[in-house]
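Here is how the chains run, residue by residue.
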Amino acid sequence: MRILKFWGTSLGSHEMIEKAADIVVQSKKKENVIVVVSAMSGVTDGLDKLCELAKKGEIDKVLSRLVELREKHDTVARKICKDSCDINYVNKVQEYFGNLESILKGVSLLSEVSDKTKAKVLYFGEIFSAILLALAIKQRGIDSHSYRSKDLIYCDGSYLNGEYDYEKSREQVERFMKNISLIKEIPVVTGFGGGDADGNIYLFDRGGSDYVATVLGRLVMASRVEIWTDVYGVMSADPRKVKKAILWDKLDYAVCAEFALVGAKILHPKTISPVQEKDIPVYIKNTFDPEAFGTKICSMKASGVKGISIDDKQMIFTFIDPYMLGVAGYLYDVVKVFRDKGVSIDALATTETSFSISIRKKYYTRSLEKAFDHMREHFRLSIRDNVSKISIIGDSIDNYKILNKLKDVIMVSKWAYDKSLTVFVEQGDSEKTLKKLHKEVFGK
Ligand code: ADP
Ligand code: ASP
Ligand code: MG
């Protein structure tokens with residue numbers, strides 16, 4: 001059995017949904033399939049905006065945007081059904097839009113949107129796209145229904161960054177598999193998150209549908225997971241930034257996980273772990289060129305540098321105190337502040353009397369800033385907010401050679417696990433730096 005996941009832009013238009021349905025039907029000829037979908041392109045951002053508008057009490061705008069959102073999906077549905085009307089689709093969509101409208105009216109009345117409510121609202125994008133893709137598959141003469149991952153993947157933790165529970169999910173998925181016939185039907189499952197027994201939704205952060213695909217792959221012990229996207233596979237750099245980026249036909253799990261972890265957008269950071277432990281291969285494939293091989297991610301002996309990624313939106317905090325020397329607990333005190341404020345630390349470098357911590361700029365909140373005011377009593381604190389993070393991914397990286405090629409290095413973080421080298425530099429023209437470094441490392 002295969003898991004096929006389709007991305008937002010592959011489901012961004014009627015043509016792309018038809019393309020995805022063709023790919024699914026072709027795959028079904030080889031093996032049974034379960035499909036996982038993200039929302040149509042732009043829909044998650046649109047739903048996020050609706051939460052904001054509702055919170056501000058702008059209910060008229062919310063209602064008119066809901067009409068537009070409905071029309072966007074209905075237009076595609078009409079084209080899929082060649083201008084006839086599928087009563088099942090109409091009933092389902094009517095019910096879900098009704099639910100969504102009620103939730104947003106509630107937000108507007110309370111002038112408040114909790115994480116719990118926001119997760120529920122954002123998840124609707126995946127519900128609508130799953131219904132559409134199932135409709136397109138049905139038009140090809142194969143039975144297909146949409147299902148919600150919240151009934152399969154059991155989660156807890158925080159609503160916008162949930163944790164999945166393997167045992168409880170396994171029981172739910174076993175029940176699901178007993179009740180459907182994969183020979184007769186192609187199930188289309190929503191991506192993005194899971195749920196609990198009370199019907200709450202837990203999202204896996206933005207881009208989380210990749211993770212839903214590999215979690216399901218692990219739960220059903222799929223023969224492979226295919227992530228269908230808009231590029232040919234994992235490349236030595238983001239092909240939108242480096243035109244001559246090299247395409248890898250095979251990559252080791254650990255190296256690929258590193259691509260995701262350092263922030264290369266190609267995969268959600270958690271994607272690899274569920275499948276790695278069971279040696280289930282992941283293929284990255286191009287929806288625009290289905291015959292192309294793509295990248296196979298599997299267990300293999302890796303060697304050399306495989307990629308470079310740059311993130312411009314970083315900040316570095318440096319804490320200095322000569323009295324730190326030999327004293328226990330300094331680092332703990334500072335890290336605890338980040339934890340208490342719910343801010344995830346990206347990289348860390350220490351000496352006996354100082355340490356530097358990097359975070360993504362979007363996590364620098366007013367409450368963290370306030371906490372720092374207190375800390376200035378104990379530390380000399382310097383903050384740099386114009387920093388780029390350059391990550392070199394791969395095995396046996398020649399650190400000295402790389403560092404020699406970079407100017408204005410502020411901080412270096414080398415993971416003991418040895419799958420990447422992370423260097424922070426003064427923000428300049430990061431695309432130029434990426435292209436230059438790519439040429440020096442890969443000769444292109
Ligand atoms: P999806 O909507 O399918 O989840 P994403 O936009 O999340 O797609 O990921 C695909 C994008 O990732 C590509 O369009 C590409 O620009 C970007 N990307 C970033 N780094 C890489 C890389 N090293 N190799 C390939 N693509 C990359
Ligand atoms: N639709 C969600 C997002 O835009 C999840 C995903 O695309 O994987 O982040
Ligand atoms: Mg993605």
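Points about the site of ligand 1
Near ligand 1 there are 17 residues, and of these Trp 7, Thr 229, Asp 238, Arg 240 and Lys 265 occur at the shortest range. Contact distances for ligand 1 include 2.8 Å between an oxygen atom and a side-chain N or O atom of Asp 230. Between Asp 238 and ligand 1, the recorded distance is 2.7 Å, taken from a side-chain N or O atom to an oxygen atom. Contact with the protein chains removes 91% of the 570 Å² of surface that ligand 1 exposes when unbound. In the shell around ligand 1, the residues fall into nine nonpolar, three polar and five charged.

Topic: the site of ligand 2
Taken together, Ser 38, Ala 39, Thr 44, Glu 126, Phe 192, Arg 206, Gly 207, Gly 208 and Ser 209 make up the full set of residues adjacent to ligand 2. Side-chain polar atom of Arg 206 to an oxygen atom of ligand 2: 2.7 Å apart, as the coordinates give it. Within the backbone of Gly 208, a nitrogen or oxygen atom sits 3.3 Å from an oxygen atom of ligand 2.

Let's talk about the environment of Ala 197
Residue placement: Ala 197 occurs in the loop between β7 (193-195) and β8 (201-203). For the pair formed by Ala 197 and Tyr 154, sequence separation is 43 residues and the distance between their alpha carbons is 7.9 Å.

Examining the sheet that holds strand β13 (residues 305-320)
Here six strands make up an open sheet; going across it, the order is β14-β15-β13-β16-β18-β17 and the pairing antiparallel. Among the strands making up the open sheet, the edge pair consists of β14 (347-350) and β17 (409-414). Geometrically, the sheet is characterised by an average inter-axis angle of 30° between neighbouring strands, direction not taken into account. In the sheet, β13 pairs with strand β16 (residues 380-394) via 12 bridges, with the strands oriented antiparallel. Bridging from a neighbouring strand, Ile 310 pairs with Ile 390 of β16. Lying over the sheet, helix α8 (residues 253-261) contacts β13, β16 and β18 (420-426), oriented at roughly 145° with respect to β16. Across the face of the sheet, helix α10 (residues 330-340) comes into contact with β13, β14 and β15 (354-360) while running at roughly 15° to β15.

Comments concerning the packing of aromatic side chains
Taken as a whole and assessed by the stated rule, the structure comprises 20 aromatic pairs. A centroid spacing of 6.3 Å and a plane angle of 80° characterise the contact between Tyr 164 and Tyr 211, whose relative ring orientation is edge-to-face. With a gap of 47 residues between them, Tyr 164 in strand β5 (residues 161-164) and Tyr 211 in helix α7 (residues 209-219) connect regions that are remote in the sequence. Residue Tyr 164 shares its accessibility class with Tyr 211, and that shared class is buried.

Structural notes on the nonpolar core
If you look at the biggest cluster of nonpolar residues, it comprises 63 residues, and the most contacted ones within it are Ile 3, Ile 153, Leu 216 and Ile 392. Counting 56 residues, the second-largest nonpolar core is a separate cluster that includes Ala 54, Val 62, Leu 69 and Ile 137.

Some remarks on the sheet that holds strand β1 (residues 2-6)
Sheet architecture is open: eight strands sit in the order β3-β6-β2-β1-β9-β11-β12-β10, paired in mixed fashion. Only two strands of the sheet have a single partner each, and these edge strands are β3 (143-147) and β10 (250-252). Taken pair by pair, the neighbouring strands of this sheet meet at an average axis angle of 20°, ignoring direction.

Notes on the pattern of salt bridges
Here the idea is simple: oppositely charged side chains can pair when their charged atoms come close. Summed over all chains, the structure comprises 24 salt bridges. For Glu 31, the salt bridge goes to Arg 2, with nearest N and O atoms at 2.9 Å. Residue Glu 31 is found in the loop between α1 (14-28) and β2 (33-37), and its partner Arg 2 is found in strand β1; the two are separated by 29 residues along the sequence. Asp 45 is paired through a salt bridge with Arg 206; the nearest N and O atoms lie 3.0 Å apart. Separated by 161 residues along the polypeptide, Asp 45 in helix α2 (residues 43-55) and Arg 206 in the loop between β8 and α7 bring together distant segments of the chain. The class of Asp 45 is partly exposed, set by a relative accessible area of 46%. A relative accessible area of 44% places Arg 206 in the partly exposed class.

Things to note about the packing of helix α6 (residues 166-179) against α7
Their axes nearest at 10 Å, the elements α6 and α7 cross at an angle of 75°. Here α6 lies roughly perpendicular to α7, going by the angle between them. Facing Tyr 166, Ser 169, Arg 170 and Val 173 of α6, the residues of α7 in contact are Leu 216, Arg 218 and Leu 219. A breakdown of the residues in the contact of α6 with α7 according to their chemical character gives four nonpolar, one polar and two charged.

A few points about α10
Because an α-helix packs 3.6 residues into every turn, residues spaced three or four apart end up facing the same way. All buried positions along α10 are accounted for by Tyr 330, Val 334, Val 337 and Phe 338. Relative to the axis of α10, the buried residues are bounded by an arc of 100° and lie together on one face. More than 90 degrees from the buried face of α10, the exposed residues found are Tyr 332 and Arg 339. Along its buried surface, α10 packs onto β13, β15 and α11 (366-375). Positioned one or two residues after α10, Gly 342 has a phi angle of 70°, which is positive.

Digging into the side chain of Ser 391
In this structure, Ser 391 sits in strand β16. Here Ser 391 falls in the buried class, since its relative accessible area comes to 1%.

A word on the pairing of β18
Most of β18 is tucked away, with six of its seven residues classed as buried. In this structure, β16 lies alongside β18, joined through seven bridges in antiparallel fashion. Across the sheet, the residue bridging to Ser 388 is Val 425, located in β18. One ladder, built from five bridges, connects β17 with β18; its direction is antiparallel. Its bridge partner lying in β18, Ser 413 is registered against Thr 422.

Side note on the environment of Asp 289
One can find Asp 289 in the loop between β11 (282-286) and β12 (295-298). Measuring from C-alpha to C-alpha, the distance between Asp 289 and Asp 230 comes to 9.1 Å, with 59 residues separating the pair along the chain. Looking at Asp 289, its side chain comes within polar contact range of the side chain of Tyr 232, at 2.8 Å.

What counts and what doesn't
Residues numbered from 1 in each chain as written. Chains lettered and ligands numbered in written order. Predicted model: local features only at pLDDT ≥ 70, side-chain atom pairs only at ≥ 80, totals over all residues. Heavy atoms only, no water. Near = heavy atom within 4 Å. Polar contact = N/O pair within 3.5 Å; in protein donor to acceptor, adjacent residues only side chain to side chain. Areas by Shrake-Rupley, 256 points an atom, 1.4 Å probe, with all protein chains shown as cover. Nonpolar A, V, L, I, M, F, W, Y, C, P; charged D, E, K, R; others polar. Helix = DSSP H or I, 4+ residues; strand = E, 2+ residues; numbered from the N terminus. Pairing = 2+ DSSP bridges. Axes fitted to C-alpha atoms, helices over the stretch in contact; angles between N-to-C directions. Contact = heavy atoms within 4.5 Å. Phe/Tyr/Trp six-rings, centres within 6.5 Å; stacked < 30°, edge-to-face > 60°. Buried < 20%, exposed > 50% of the residue type's maximum accessible area, 1.4 Å probe, protein only. Core = buried A, V, L, I, M, F, W, Y, C linked by side-chain atoms within 4.5 Å. Salt bridge = Lys/Arg side-chain N within 4 Å of Asp/Glu carboxyl O. Parallel < 35°, antiparallel > 145°, perpendicular 65-115°, else oblique. Arc of directions from axis to C-beta.

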